[in-house]
Amino acid sequence: MDMPEVIPVCYCGNPAKLNTSWSNDNPGRRFSRCKKFGNAFRKPCWFFSWFDPPLTPHLRVVLLGLLKKVKALEDARKRERRTWFWYL
Ligand SMILES: [Zn+2]
């Protein structure tokens with residue numbers, strides 16, 4: 001994992017962890033959020049902030065296209081491996 005240049009510190013004093021979003025709206029966009037983010041915690045912390053600037057619509061389309069291609073390649077590779085298995 002690469003180290004971020006600036007780690008924002010959250011409301012509760014913990015360094016907010018840097019994550020990468022893979023949602024359709026923000027593919028590859030990094031954000032930081034508290035390690036206690038989420039309803040699973042008794043005292044959740046809702047600190048959330050984007051690390052990267054918003055994606056331009058163009059970049060978003062390009063990235064989603066690339067992701068789709070990677071997935072197609074992975075699926076093809078899996079299929080290939082299955083085929084190999086039957087021939088062994
Ligand atoms: Zn926090």
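Residues numbered from 1 in each chain as written. Predicted model: local features only at pLDDT ≥ 70, side-chain atom pairs only at ≥ 80, totals over all residues. Heavy atoms only, no water.

Under an unreviewed UniProt entry, the name given to the protein is GRF-type domain-containing protein, and the organism recorded is Gossypium tomentosum.

Quick look at the overall build of the protein
Across its full length, the protein holds one helix and three strands. Tracing the protein from N to C terminus, the helices and strands come up as β-β-β-α. A compact globule built from 88 residues would reach a C-alpha radius of gyration of about 12 Å, whereas the protein, at 19 Å, exceeds it by more than 25%. Once the C-alpha set of the protein is aligned to its principal axes, its extents read approximately 55 × 35 × 25 Å. A burial count over the protein gives 19% of its 88 residues as buried. Pairs at least 24 apart in sequence give 32% of the contacts found in the protein among residues at least 6 apart. Accessible surface, the protein: about 7,500 Å² in total, of which carbon and sulfur atoms supply 61%. Distance between charge centres in the protein, computed from 17 positive and 7 negative side chains, equals 8 Å. (Helix = DSSP H or I, 4+ residues; strand = E, 2+ residues; numbered from the N terminus. Rg over C-alpha atoms; globule rule 2.2 N^0.38 Å. Buried < 20%, exposed > 50% of the residue type's maximum accessible area, 1.4 Å probe, protein only. Contact = heavy atoms within 4.5 Å. Areas by Shrake-Rupley, 256 points an atom, 1.4 Å probe, with all protein chains shown as cover. Lys, Arg positive; Asp, Glu negative; His and termini not counted. Charge placed at Lys NZ, Arg CZ, Asp CG, Glu CD.)

Regarding the nonpolar core
With five residues, the main nonpolar core is built from Cys10, Ala16, Cys34, Cys45 and Phe47. Look past the residues within four positions of cysteine 45 in its chain and what remains in contact with it is Cys10, Tyr11, Cys12, Cys34, Lys36, Phe37 and Gly38. (Core = buried A, V, L, I, M, F, W, Y, C linked by side-chain atoms within 4.5 Å.)

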